[in-house]
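What follows is the residue order along each chain.
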Amino acid sequence: MTWTESWQSEDLAALEERAKVRSFAMDSAWADAASSSGYATPLRLALEERGSLQAAAMGLRRVRIGVSKVVCGSNGGVGILAVDLRGGARLLEEIRRRWHPSVMQVFAQASFPTRSFSWEPSFTIHLDLRPPLDRIQARFDKSTRKSLARAARRGVTAECVVSSADRDRAFAEVRQTATSKGFALPTRRYLDAIHAAFQKTGLSEIVVAKKDDEFLAVVHVIGARGLASWWKGGASTAGYHLNASLVAHWRAIEIVKERGYETYDLGGTHPHDPAYASIHRFKSSFGGTLVQTSVGVRSSSVARALLRLRPT
């Protein structure tokens, strides 16, 4: 058994096959975007036996107010792959020793037997894009189908952003939505880097719903390793009233299906947490499948103390 901090794409694909899961969050585009934008430092570590990966993890490290936080994966894609639970646990303990994170968050297919992490369920919703488009839409809630049709009758259309000026307008809408709802949003430089990195190696389209020349809603969809994901989005007040987000999502679904992706990931949710009630209703209305994985967290006592002292 040896440790390695790099691997070839074909080696990761072989591990995915043995682990029976593909990881959108371990695609190299994430590391490229984080590094080129200066947003975070990409980290990799894998356990190798006789030239074959047994477990591998990729994380992004950011340092703020003296706290080093490493995040591996997301609700829509695991950040660690392992042939068996024991190998995954061994990898996590080695990561803890090598990377020395103050806080670490790991998304995994299942919880690993290690005392260093506390585990809880993580949820997302997947739409199966293999059926014809009419059958995909037939799975939508009846009210969602009606709202989508009504938005179209009111003149709401959707298209992909082409010009840099329209990209600026789209990202401005995303930021305005995040600000109004109190959501954290990465830097614009990182958003641009994500767009460029996934355009180069997979899929990245910024879909805007509009009426005449007014931007009403934005859906930024990215894809890699067989899965397309709703990355960021937003809508104006008028956009919410016109159900423009439904029009943008429907166009995004058409695009990713045309590009050969079989799964559309609607992103993080929680079926039981009241804080997610509104977004869970919206995402569930597309008739997808609730997917449960696990998220493990560990933090040092120093990190917990610093975070408690951080201004709100």
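The shown structure was predicted, so the numbers you read here are calculated from the model rather than taken from an experiment. (Residues numbered from 1 in each chain as written. Predicted model: local features only at pLDDT ≥ 70, side-chain atom pairs only at ≥ 80, totals over all residues. Heavy atoms only, no water.)

Comments concerning the side chain of Thr144
Of note, Thr144 is situated in helix H5 (residues 142–153). Engagement of the side chain of Thr144 in a polar contact is seen with the side chain of Ser285, the distance being 3.1 Å. Among all residues touching Thr144, those that are not within four sequence positions of it are Leu246 and Ser285. (Helix = DSSP H or I, 4+ residues; strand = E, 2+ residues; numbered from the N terminus. Polar contact = N/O pair within 3.5 Å; in protein donor to acceptor, adjacent residues only side chain to side chain. Contact = heavy atoms within 4.5 Å.)

A short note on the pairing of strand E4 (residues 67–74)
Taken together, the five bridges between strand E3 (residues 52–64) and E4 define a ladder with antiparallel strand orientation. Looking across to E4, one finds that Leu60 is bridged to Val71. In textbook terms, the turn of a hairpin is the stretch between consecutive antiparallel strands, and for E3 and E4 this stretch comprises two residues, one of which, Ile65, has a positive phi near 45°. Where E4 lies against strand E7 (residues 103–108), four bridges are found, and the strand directions are parallel. Its bridge partner lying in E7, Lys69 is registered against Val103. In this sheet, strand E5 (residues 77–78) lies alongside E4 in antiparallel orientation, the contact comprising two bridges. Bridge pairing in E5 places Ser74 opposite Gly77. The hairpin turn running from E4 into E5, its antiparallel successor, is two residues long. (Pairing = 2+ DSSP bridges.)

Some details on the nonpolar core
Judged by nonpolar contacts, the single largest core of 41 residues is most densely connected at Trp30, Tyr190, Ile194 and Phe198. Only helix H1 (9–19), helix H2 (28–37), E3, helix H6 (164–181), helix H7 (188–201), strand E10 (203–211), strand E11 (214–224) and strand E12 (227–235) provide two or more residues apiece to this core. Phe198 has contacts with Phe24, Asp27, Ala29, Trp30, Leu203, Ser204, Ile222, Gly223 and Ala224, leaving out every residue within four places of it along the chain. (Core = buried A, V, L, I, M, F, W, Y, C linked by side-chain atoms within 4.5 Å. Buried < 20%, exposed > 50% of the residue type's maximum accessible area, 1.4 Å probe, protein only.)

Overview of the pattern of salt bridges
Taken as a whole, this structure holds 18 salt bridges when the rule is applied. Between Glu205 and Arg259 there is a salt bridge, and its shortest N-O distance comes to 3.6 Å. On the criterion of sequence distance, the pair formed by Glu205 in strand E10 and Arg259 in the loop between helix H9 (244–258) and strand E13 (263–269) is long-range, its members being 54 residues apart. Note on Arg259: relative accessible area 44%, which makes it partly exposed. The partner of Glu254 in a salt bridge is Arg251, and the shortest N-O contact between them spans 3.1 Å. Placement of both Glu254 and Arg251 in helix H9 is noted, with a separation of three residues, approximately one turn of the helix. (Salt bridge = Lys/Arg side-chain N within 4 Å of Asp/Glu carboxyl O.)

A few points about a positive patch on the surface
On the surface, Lys142, Lys146, Arg150, Arg153, Arg154 and Lys211 cluster together to form a positively charged patch. Of the residues forming the positive patch, the biggest block, four residues, is contributed by H5. One can find Lys211 in strand E10. (Patch = residues over 30% accessible without salt bridge, like charges linked within 9 Å, V, L, I, M, F, W, Y side chains within 5 Å. Areas by Shrake-Rupley, 256 points an atom, 1.4 Å probe, with all protein chains shown as cover. Lys, Arg positive; Asp, Glu negative; His and termini not counted. Charge placed at Lys NZ, Arg CZ, Asp CG, Glu CD.)

With respect to the packing of aromatic side chains
All told, the structure shown has twelve aromatic pairs when counted by the stated rule. Between Arg169 and the ring centre of Phe215, over which it is positioned, the NZ or CZ distance is 3.8 Å. A cation over a ring is seen here: Lys232 above Trp231, with NZ or CZ 4.5 Å from the ring centre. (Phe/Tyr/Trp six-rings, centres within 6.5 Å; stacked < 30°, edge-to-face > 60°. Lys NZ or Arg CZ within 6 Å of the ring centre and 35° of its normal.)

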